[in-house]
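Notes for the structure review
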Amino acid sequence: MKIAADEGGNARSRDVTPERAEKAEEGLKKLGKARAAVERDRIEILDRHHETVKKSAQLYDRQVRKELLEKDREKRRLLQREFHAERAAMDEIRRRARMKAE
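Residues numbered from 1 in each chain as written. Predicted model: local features only at pLDDT ≥ 70, side-chain atom pairs only at ≥ 80, totals over all residues. Heavy atoms only, no water.

**A closer look at the overall build of the protein**
Scanning the protein from terminus to terminus reveals one helix and zero strands. Out of the 102 residues belonging to the protein, those deemed buried represent 1%. For the protein, the accessible surface area stands at approximately 10,100 Å², while carbon and sulfur atoms represent 55% of it. (Helix = DSSP H or I, 4+ residues; strand = E, 2+ residues; numbered from the N terminus. Buried < 20%, exposed > 50% of the residue type's maximum accessible area, 1.4 Å probe, protein only. Areas by Shrake-Rupley, 256 points an atom, 1.4 Å probe, with all protein chains shown as cover.)

**Concerning a nonpolar patch on the surface**
On the surface, Y60, V64 and L68 cluster together into a nonpolar patch covering about 300 Å² of accessible area. Along the polypeptide, Y60 turns up in helix α1 (residues 18-101). (Patch = residues over 30% accessible without salt bridge, like charges linked within 9 Å, V, L, I, M, F, W, Y side chains within 5 Å. Salt bridge = Lys/Arg side-chain N within 4 Å of Asp/Glu carboxyl O.)

**Here we look at a negative patch on the surface**
A surface patch of like charges, here negative, comprises E19, E22, E25 and E26. Mapped onto the secondary structure, E25 falls in helix α1. (Lys, Arg positive; Asp, Glu negative; His and termini not counted. Charge placed at Lys NZ, Arg CZ, Asp CG, Glu CD.)

**Focus: the pattern of salt bridges**
Oppositely charged side chains can form a pair if their charged atoms are brought close together. Tallied over the full model, the rule gives ten salt bridges. Across the pair R48 and E44 runs a salt bridge, and its minimum N-O distance is 2.9 Å. Separated by four residues within a single helix, R48 and E44 lie in helix α1, roughly one turn from each other. Using a relative accessible area of 42% as the deciding quantity, one classes E44 as partly exposed. Counted as one network, the salt bridges with shared partners bring together E70, R73, E74, R77 and R81.

All quantities given are derived from atomic positions and should not be read as evidence of function.
Pasting the structure below:
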């Protein structure tokens, strides 16, 4: 508890009564409780923000992974089409060669 000072810097002990000191203590307790409540709220807000950021990152990772898988599938489909086209062309060449041989 702080004691008020007069203009000369001397403590004014006559202003500090037991009731006033008690009220000051109660005020400090209330202030401490209020600060603790504010700190709890701040921590709760930070926790919620952290969870939101974490969920956003997970969602982004899933989307990126899904895109990569889709690109990989498309690439495999393209390779399969090319393979089947080459095989069909080779089969056609063999069939024509057989027909000429007969």
